[in-house]
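Listed below are the residues making up each chain.
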Amino acid sequence: MKKIKKHQHTKLQVLAVSLGILLQTNGAFAQTLFFERVFDESLAQASYVIGSLKTREAIVIDPKRDIDTYLKIAESNNLQITRVAETHIHADFLSGSQELATATGAELLLSAAGGKEWQYEFDHIPLNDGDRIDMGKLLLQVMHTPGHTPESITFLLIDPAISEKPQKALTGDFVFVGDVGRPDLLEMASGQIGTAEEGAKQLYRSIQRFSELPDGLEIWPGHSAGSFCGRSLSDIPQSTLKQEKLLNKAFQYHGDEGGFVDYVLDGQPSVPTYFAVMKQLNKARHPLLIEIPNYPKLSDEAFLRAWKNGLQVVDTRNKDEVANGFIPGSVHIEGSKSFATWVGSLLDYQQQLILVVEDERLEAITRQLMRIGMDNIYGYVSEIERLGIALERPDIIDLHTFKALKNKNNVQVIDVRTEAEYQAGHIQGAENIPLPMLEANLNKVSKEKQIIVHCQSGARSAVAYSILRKHGFENISNFSGGMNAWLAKDKERLHQ
């Protein structure tokens, strides 16, 4: 068992409410562990700050790219970030490990498992199964848990004053609350055909080995509900191994590898297209952003010049505001918690962007963009009415109008929800083109007929409407109420 030597560090820092383990010594309580979960709602992603309150050293596991969060946590709690680590090469966000290690001088500890093809391509300290990371009296032990990805590792936290057995597991995308990491990601996101089944078999073996750990082991995963890295994740932040053995279906296939493989590969949702980009950026050295970018507010003249030169405008306002007028050629992606996912799925990383966003929301939008490596931002505007452009208004129809139009021969209804949503129930006659695939399937959209787009609640259909308008489709309507309005009126009409 290799031991990672303790690192003599510089300064460091970072914010939040800490969770500690209290030990009773001579009638007094002494706190030995600093433990904080940092959760990013926009990508349903969790990272962790773990520190020794004896030595004041800390490690950050799976950091997001806006690293000021961790610096504030460390500063507020008199900790030094001496190490930065990852559970695996991430696909759903651009890791901040390189930024955080650079800003703090911390050691960068990354998996050496997974074979030659899945090695990190920049300087780091390699971690293998069984390696130990000592932090004062605390210990992190590395466990290779392949399946979701070949190089995936889990960190087992041990406080010997409590027990020699691990008390917490930082599982990354290996085990979630109620689910396990999907093993088809390399095939779906990176085009590595044939890796899904082998990944599923590796995942099965990892689960069997993991199941032998103590039942009371706390599981702290890298994602919760809302992530595409699994199929049925819970929104509960933490579980125990005993609970997962009882309630997580993936743990019910002891002695049945074939049954597990069939189960875990069935019905996995399609992955956002930007996942392949993240895999490559996280594997190699990428441009570092140590601070939150400060994008310039463009003058009217600067905006008009850039817009006429073909820069892509992304309108982040809500759909009600956009209904009052939008810039021709702009793509409307509402700045909700799903904003980054849709930007990464729909826009070209090589295309320079201009944002339409309110001043007070710029920082939140910027953070979401940097978390997926969408850094090619020219600037932003907040008031489009003053630009002197003839704004366009979307044609939004209500349920009554939709019902009157949907069965006409000169009307094409397009449902832009996912294939799984469509298969679970759809409006008769509607064609399914999932939103991420719309731009690649414009040949399926008629320019002779009236097009009506819809989704579940109107958010995705508003995006679809803007994409079609951008590509020259003029006779378009948005049934903004979508399936929610359709089902609320009369559920029996679902398959009419």
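About the cut-offs
- Residues numbered from 1 in each chain as written.
- Predicted model: local features only at pLDDT ≥ 70, side-chain atom pairs only at ≥ 80, totals over all residues.
- Heavy atoms only, no water.
- Helix = DSSP H or I, 4+ residues; strand = E, 2+ residues; numbered from the N terminus.
- Buried < 20%, exposed > 50% of the residue type's maximum accessible area, 1.4 Å probe, protein only.
- Contact = heavy atoms within 4.5 Å.
- Areas by Shrake-Rupley, 256 points an atom, 1.4 Å probe, with all protein chains shown as cover.
- Core = buried A, V, L, I, M, F, W, Y, C linked by side-chain atoms within 4.5 Å.
- Salt bridge = Lys/Arg side-chain N within 4 Å of Asp/Glu carboxyl O.
- Pairing = 2+ DSSP bridges.
- Phe/Tyr/Trp six-rings, centres within 6.5 Å; stacked < 30°, edge-to-face > 60°.
- Lys NZ or Arg CZ within 6 Å of the ring centre and 35° of its normal.

**Quick word on the overall build of the protein**
Counting its regular elements, the protein contains 15 helices and 26 strands. For the protein, the residues scored as buried account for 57% of the 496 residues in total. Of the contacts formed within the protein by residues at least 6 apart in sequence, a portion of 68% connects residues at least 24 apart. Summing over all exposed atoms, the protein offers an accessible surface of approximately 21100 Å²; the carbon and sulfur share of this is 49%.

**As for the nonpolar core**
Considering soluble globular proteins, one finds that nonpolar side chains tend to be buried as a cluster. Core analysis: the biggest nonpolar cluster contains 48 residues, and Ile333, Leu355, Ile372 and Leu468 have the highest contact counts within it. Counting only elements with at least two residues in this core, the list comes to α7 (275-283), α10 (339-346), β20 (353-356), α11 (362-371), β21 (377-381), β25 (450-454) and α14 (459-470). It is α14 that provides the largest number of residues to this core, a total of 5 residues. Apart from the residues lying within four places of it in its own chain, the contact partners of Leu468 are Leu438, Leu442, Val445, Ile451, Val453, Phe473 and Ile476. Grouped together as the second largest cluster of nonpolar side chains are 23 residues, Val49, Leu53, Leu79 and Leu108 included.

**Some words on the side chain of Thr316**
As for its position among the elements, Thr316 is in the loop between β18 (312-315) and α9 (319-322). For Thr316, a relative accessible area of 0% translates into the label buried. Other than its neighbours up to four places away in sequence, Thr316 contacts Ile333, Glu334, Gly335, Phe339, Val356, Val357, Arg361 and Ile365.

**Some words on the pattern of salt bridges**
As enumerated under the stated definition, the model contains 28 salt bridges in all. Put simply, Arg361 and Glu358 hold a salt bridge, and the shortest N to O gap is 3.0 Å. Exposure remark for Arg361: the relative accessible area of 26% places this residue in the partly exposed category. Owing to a relative accessible area of 17%, Glu358 belongs among the buried residues under this scheme. Three or more residues joined by partner-sharing salt bridges are found here, namely Asp40, Lys64, Asp66, Asp68, Lys72, Glu363, Arg367 and Arg371.

**Details of unusual backbone geometry**
One can expect most non-glycine residues to show negative phi and most peptide bonds to be in trans. In the Ramachandran plot, Arg56 falls in the positive-phi region, its phi being about 65° despite a non-glycine side chain. Tracing the chain through its elements places Arg56 in the loop between β5 (45-52) and β6 (57-61). The backbone of Asp62 sits at a positive phi, close to 60°, despite the residue not being glycine.

**A few points about the sheet that holds β21**
On the basis of which strands lie adjacent, the open sheet formed by 4 strands has the order β19-β18-β20-β21 and parallel pairing. One side of each edge strand has no neighbouring strand; the edge strands of this open sheet are β19 (331-332) and β21.

**Some details on the packing of aromatic side chains**
Counted under the stated rule, the structure contains 12 aromatic pairs. For the pair Tyr204 and Phe260, a centre-to-centre distance of 5.7 Å together with 50° between the ring planes defines the contact as tilted. Residue Tyr204 is located in helix α4 (residues 195-210), and its partner Phe260 is located in helix α6 (residues 257-265); the two are separated by 56 residues in the primary sequence. Ring pairing ties together the aromatic residues Tyr204, Tyr253, Phe260 and Tyr263, which thus form one cluster. Positioned above the aromatic ring of Phe35 is the side chain of Lys168, whose terminal nitrogen or guanidinium carbon lies 4.7 Å from the ring centre. Over the face of the ring belonging to Phe473 we find Lys447, whose NZ or CZ atom lies 5.0 Å from the ring centre.

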